[in-house]
Amino acid sequence: MPVLEELRYSIENGRIKDTEALIRRALEEKMDPQEILSAGMIPAMRSAGNDFRNGEADIPRILSAARGMQKGLNILEPYMRRENLPCIGTAILGTVEGDLHDVGKNMVAIMFRCAGFRVIDLGVDISEKQFQKAVRENPEASVVCISSLLTTSAPEMRGIVKALRKMDKERRLKIMVGGGCITQKFADEIGADAYTENAVDAAEVAKKFVMEKRRDSGEADGPGSAGVSAGTF
Ligand code: B12
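Owing to the predicted nature of the structure, the values given are computational and were not obtained by experimental measurement.

### Remarks on the pairing of strand E1 (residues 89-96)
Link 1 in the chain: Most of E1 is tucked away: eight of the eight residues are buried.
Link 2 in the chain: Bridge count for E1 against strand E2 (residues 117-126) is seven bridges, and the pairing is parallel. Residue pairing in the sheet places alanine 91 in a bridge with valine 119 of E2.
Link 3 in the chain: Handedness of the β-α-β unit built from E1, helix H5 (residues 103-114) and E2 comes out right-handed.
Link 4 in the chain: Here six bridges tie E1 to strand E3 (residues 141-147), and the two strands are oriented parallel to one another. Across the sheet, the residue bridging to threonine 95 is serine 147, located in E3.

Rendered as structure tokens:
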């Protein structure tokens, strides 16, 4: 069986040790880490999610699938990070209060790091006040990413966006929202700057924000801005 097929099977069935071994094998076979993620791990997690929805997978299996994803992401991350990539900005990231899902958020963190961002990951179950505190303590941050997978906790995003806007009168912060239950329509309604369906696009959009900001502030292209160009990811 080809390695990616085996990898998908191991994640879907929550076989964490197999998942780790198969990712290592795929890397030894010189597979592109991005492909391992997008053709192996993400479809497997999606399929596990569908099984969960249809009642074909129980919570322990889904938890094992999520743990396998996280272990796999940890193995892949160093291979995806570009050496000597200059830091292009700081992003604050968290899952909203009442929501403990973190697989997608962790993927966003990895993609942002790979794109050259310093990421302050607040974790899960993060309140409006905690987002505000993080922004206050990190005035250099240019992007805030808010994740939610539950329709019951997604409305928390509205309050967070409002509170952050109140603090950020000069609009230096770009606020991005995402997660399984978020739509472009909802993002527009709550006044977020961007929504993307996946973590790869999220990092691209954030990079564009940084480029625009630099252009608007008249910052010339120089060594510090190397890597901040469309398509470097
Ligand atoms: C794994 C899982 C769990 C695990 C979570 C483990 C963990 N550490 O995360 C456990 C078992 C704990 C769990 C618990 C629950 N879950 Co759950 N869970 C899932 C499941 C199967 C997969 C989620 C996942 O990891 N997806 C894979 C990742 C990669 O996708 P993603 O998170 O969407 O992220 C991608 C994008 O959305 C985007 N993205 C994510 N965040 C952000 C942020 C920004 C800024 C941007 C731009 C993009 C972005 O990038 C990511 C990668 O491309 C989904 C079903 C599904 N199909 O999604 C249900 C699901 C989310 N869960 C659901 C429910 C109902 C629950 C529970 C309430 C169940 C219960 N009755 O107890 C609890 C809630 C616990 C809580 N308070 O949070 C429902 C939510 C329904 C809804 N719309 O409200 C779902 C949809 C299942 C279902 N259909 O019923 N769950």
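### Some details on the layout of surface pockets
Empty pockets left among the atoms are what a rolling probe the size of a water molecule brings to light.
Link 1 in the chain: The calculated volume of the largest pocket comes to roughly 1500 Å³.
Link 2 in the chain: Lining of the largest pocket is provided by 45 residues; of these, Met45, Val103, Gly104, Leu149 and Gly180 occupy positions nearest its centre.
Link 3 in the chain: When residues of the lining of the largest pocket are assigned to their parent elements, the largest contribution, 10 residues, is made by helix H3 (residues 33-53).
Link 4 in the chain: Broken down by class, the residue content of the lining of the largest pocket amounts to 26 nonpolar, 13 polar and six charged.
Link 5 in the chain: Viewed by domain, the lining of the largest pocket spans two of them, domain 1 (3-80) and domain 2 (89-225), each represented by three or more residues.

### A closer look at the site of the ligand
Link 1 in the chain: Near the ligand lie 34 residues; those nearest to it are Leu100, His101, Asp102, Ser147 and Thr151.
Link 2 in the chain: In this structure, an oxygen atom belonging to the ligand sits 3.5 Å away from a side-chain N or O atom of aspartate 99.
Link 3 in the chain: Take histidine 101: an N or O atom from its side chain is 2.8 Å from a nitrogen atom of the ligand.
Link 4 in the chain: In this structure, the ligand is accommodated by the largest pocket.
Link 5 in the chain: Elements represented by at least two residues in the shell around the ligand include exactly H3, helix H4 (59-80), H5, E3, strand E4 (174-178) and helix H9 (199-216).
Link 6 in the chain: Counted by class, the shell around the ligand contains 19 nonpolar, 11 polar and four charged residues.

### Thoughts on the nonpolar core
Link 1 in the chain: Ranked by size, the top nonpolar core spans 48 residues in total, and within it Ile36, Met41, Phe112, Phe117 and Met176 carry the most contacts.
Link 2 in the chain: Counting contributing residues, this core receives three or more from each of domain 1 (3-80) and domain 2 (89-225).
Link 3 in the chain: When near neighbours in sequence (up to four residues on either side) are disregarded, phenylalanine 117 contacts Ile88, Gly89, Thr90, Ala91, Phe112, Ser142, Val143, Ala203, Ala206, Lys207 and Val210.

### Examining the coordination of the cobalt atom of the ligand
Link 1 in the chain: Donation to the cobalt atom of the ligand from the protein comes from one atom only, His101 (NE2), at 2.3 Å.
Link 2 in the chain: Looking at the element boundaries, histidine 101 is found in the loop between E1 and H5.

### A word on the pattern of salt bridges
Link 1 in the chain: Per the stated rule, a full pass over the model turns up 13 salt bridges.
Link 2 in the chain: Of the charged contacts, one joins lysine 185 and glutamate 189 as a salt bridge, the two residues approaching to 3.3 Å between their closest N and O atoms. With a gap of four residues between them, lysine 185 and glutamate 189 both fall in helix H8 (residues 184-190), about one helical turn apart.
Link 3 in the chain: In this structure lysine 185 comes out as exposed when scored by relative accessible area, which is 60%.
Link 4 in the chain: In this structure, a network of salt bridges that share partners links the residues Glu6, Arg25 and Glu29.

### Brief notes about the pairing of E3
Link 1 in the chain: Counting buried positions along E3 gives seven out of seven residues, so the element sits mostly inside the fold.
Link 2 in the chain: The sheet contact formed by E3 and E4 spans five bridges and is parallel. Paired with cysteine 145 across the strands is methionine 176, a residue of E4.
Link 3 in the chain: Once the chain exits E3 it traverses helix H7 (residues 156-167) before rejoining the sheet at E4, and the crossover so formed is right-handed.

### Notes on the domain arrangement of the protein chain
Link 1 in the chain: The assigned domain composition of the protein chain is domain 1 (3-80) and domain 2 (89-225).
Link 2 in the chain: The centre of domain 1, based on its C-alpha atoms, is set 25 Å off from the matching centre of domain 2.
Link 3 in the chain: Counting residues at the interface gives nine residues for domain 1, matched by eight residues for domain 2.
Link 4 in the chain: Of the roughly 800 Å² buried at the junction of domain 1 and domain 2 (both faces included), carbon and sulfur atoms supply 76%.
Link 5 in the chain: Inspection of the region where domain 1 meets domain 2 yields one salt bridge.
Link 6 in the chain: Of the charged contacts in the structure, one is a salt bridge between arginine 113 and glutamate 77, with a shortest N-O distance of 3.5 Å.
Link 7 in the chain: Of all the secondary structure elements, the ones that give two or more residues to the side of domain 1 that touches domain 2 are H3 and H4.
Link 8 in the chain: In terms of residue class, the side of domain 1 that touches domain 2 is made up of six nonpolar, two polar and one charged.

Thresholds, definitions, all that
Residues numbered from 1 in each chain as written. Predicted model: local features only at pLDDT ≥ 70, side-chain atom pairs only at ≥ 80, totals over all residues. Heavy atoms only, no water. Buried < 20%, exposed > 50% of the residue type's maximum accessible area, 1.4 Å probe, protein only. Helix = DSSP H or I, 4+ residues; strand = E, 2+ residues; numbered from the N terminus. Pairing = 2+ DSSP bridges. Right-handed = clockwise from strand over helix to strand, strands pointing away. 1 Å grid on protein atoms, 1.4 Å probe; cavity = no way out; pocket = protein on both sides within 12 Å on 5 of 7 lines; lining within 4 Å. Points joined across faces, edges and corners; volume = space filled by probe spheres on them. Nonpolar A, V, L, I, M, F, W, Y, C, P; charged D, E, K, R; others polar. Domains from an automatic or database assignment. Near = heavy atom within 4 Å. Polar contact = N/O pair within 3.5 Å; in protein donor to acceptor, adjacent residues only side chain to side chain. Sits in = over half its atoms within 2 Å of the grid points. Core = buried A, V, L, I, M, F, W, Y, C linked by side-chain atoms within 4.5 Å. Contact = heavy atoms within 4.5 Å. Donors = N, O, S within 2.8 Å, 3.2 Å for Na, K, Ca; no water. Salt bridge = Lys/Arg side-chain N within 4 Å of Asp/Glu carboxyl O. Buried area = accessible area lost by both parts, 1.4 Å probe.

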